[in-house]
Amino acid sequence: MITFEEAKELFTYDRETGIIKWRKRTRGQRANLVAGYTMSNGCGYTQINIKGKLHYAHRVAMLLAYGFYVDGLEVDHINHIRDDNRLANLRFVTRTDNSRNKSRNSNSTTGVTGVYYRKGRRKYEAQIIVDGMNIYLGEFFTLEEAAKARKDADIKYKFHANHGNNKIKDYVR
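My aim in this report is to walk through the structure given alongside it, one point at a time.

### A closer look at the overall build of the protein chain
In terms of regular secondary structure, the protein chain is built from four helices and 10 strands. Across the protein chain, helices and strands are ordered from the amino to the carboxyl terminus as α-β-β-β-β-β-α-β-β-α-β-β-β-α. A compact globule built from 173 residues should have a C-alpha radius of gyration of about 16 Å, whereas the protein chain, at 20 Å, is more than 25% larger. For the protein chain, the spread of C-alpha atoms along the principal axes amounts to about 65 × 25 × 25 Å.

Right, here's the structure in full:
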């Protein structure tokens with residue numbers, strides 16, 4: 001990671017829009033030009049090339065906003081939109097906390113994270129994974145009952161309120 005002093009010399013950061021711009025002209029970059037590009041490999045993160053090395057824009061944003069970057073912590077995009085680098089959408093978290101704020105899996109057949117329909121039993125099954133352990137929450141006759149059990153478990157185990165939701169464009173703390 002670059003230092004705060006290097007970042008401050010190279011960039012300006014608008015906390016409201018999340019846009020990082022080059023502060024002054026550098027090799028091939030003009031002053032006031034938006035820095036970085038969104039990855040075309042489908043990951044969705046914006047990266048900035050600094051002296052031949054790629055850096056995630058959300059990490060640079062946190063460095064510029066707070067003056068430091070915490071080793072061992074990750075930056076969570078609260079609304080799940082990976083190129084939304086507004087300060088209100090970013091937070092330092094542990095890996096565990098970051099995993100407690102994930103989008104719903106695109107393979108979900110029920111539309112509810114942690115709830116599966118068991119065809120042979122004609123019931124919905126709810127479960128949650130906490131600290132690597134799968135916790136069985138029960139079988140239910142309706143999707144609503146299973147979804148409630150899962151939501152209650154999300155609260156009990158301190159998952160983020162956005163966990164299991166799709167991307168939420170206008171999320172504000």
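### Some remarks on the sheet that holds strand β8 (residues 115-118)
Strand order in the open sheet made by the three strands is β8-β9-β10, with antiparallel pairing throughout. Each edge of the open sheet carries a strand with a single partner, namely β8 and β10 (133-140). Pairs of neighbouring strands in the sheet enclose a mean axial angle of 30 degrees, with direction left out of account. Sheet strands in contact with helix α4 (residues 143-156) are β8, β9 (123-130) and β10, and its direction is about 10 degrees off that of β9.

### As for the sheet that holds strand β3 (residues 37-38)
As summarised here, the arrangement of the three strands in space is β3-β4-β5, forming an open sheet in which the pairing is antiparallel. Edge strands, defined here as strands with exactly one partner in the open sheet, are β3 and β5 (53-56). Here β3 pairs with strand β4 (residues 46-50) via two bridges, running antiparallel. Counterpart to Y37 in the pairing with β4 is Q47.

### What to know about α4
Helix length check: α4, at 14 residues, gives a terminal C-alpha distance of 20 Å against a target of 20 Å (1.5 Å per residue), a fit within 8%. Those residues of α4 that sit buried are A146, A149, R150, A153 and D154. The buried residues of α4 occupy an angular sector of 140 degrees when projected down its axis, which confines them to one face. Turned more than 90 degrees off the buried face of α4, the exposed positions are E144, K148 and I155. Along its buried surface, α4 packs onto β8, β9 and β10. Within two residues after α4, K158 carries a phi angle of roughly 60 degrees, on the positive side.

### A few points about the nonpolar core
Considering soluble globular proteins, one finds that nonpolar side chains tend to be buried as a cluster. F11, Y13, I20, I48 and I50 are the most contacted members of the largest nonpolar core, which has 21 residues in total. For this core, the secondary-structure elements that each account for two or more residues are α1 (4-10), β1 (11-13), β2 (20-22), β4 and α2 (57-66). With seven residues, the top contributor of residues to this core is α2. If we skip the residues at most four places from it in the chain, I48 touches F11, I20, W22, A35, G36, K53, L54, H55 and A57. V112, A126, A146 and A149 belong to the second-largest nonpolar core, a separate cluster that totals seven residues.

### Focus on the pairing of β4
Counted residue by residue, β4 has four buried out of five residues, so it is predominantly covered. Bridge count for β4 against β5 is four bridges, and the pairing is antiparallel. When the bridges of β5 are listed, I48 appears paired with H55. A loop of two residues connects β4 with β5, the two strands running antiparallel in sequence, and K51 in this loop sits at a positive phi of about 55 degrees.

Reading the values: rules and limits
Residues numbered from 1 in each chain as written. Predicted model: local features only at pLDDT ≥ 70, side-chain atom pairs only at ≥ 80, totals over all residues. Heavy atoms only, no water. Helix = DSSP H or I, 4+ residues; strand = E, 2+ residues; numbered from the N terminus. Rg over C-alpha atoms; globule rule 2.2 N^0.38 Å. Pairing = 2+ DSSP bridges. Axes fitted to C-alpha atoms, helices over the stretch in contact; angles between N-to-C directions. Contact = heavy atoms within 4.5 Å. Expected span 1.5 Å × (residues − 1). Buried < 20%, exposed > 50% of the residue type's maximum accessible area, 1.4 Å probe, protein only. Arc of directions from axis to C-beta. Core = buried A, V, L, I, M, F, W, Y, C linked by side-chain atoms within 4.5 Å.

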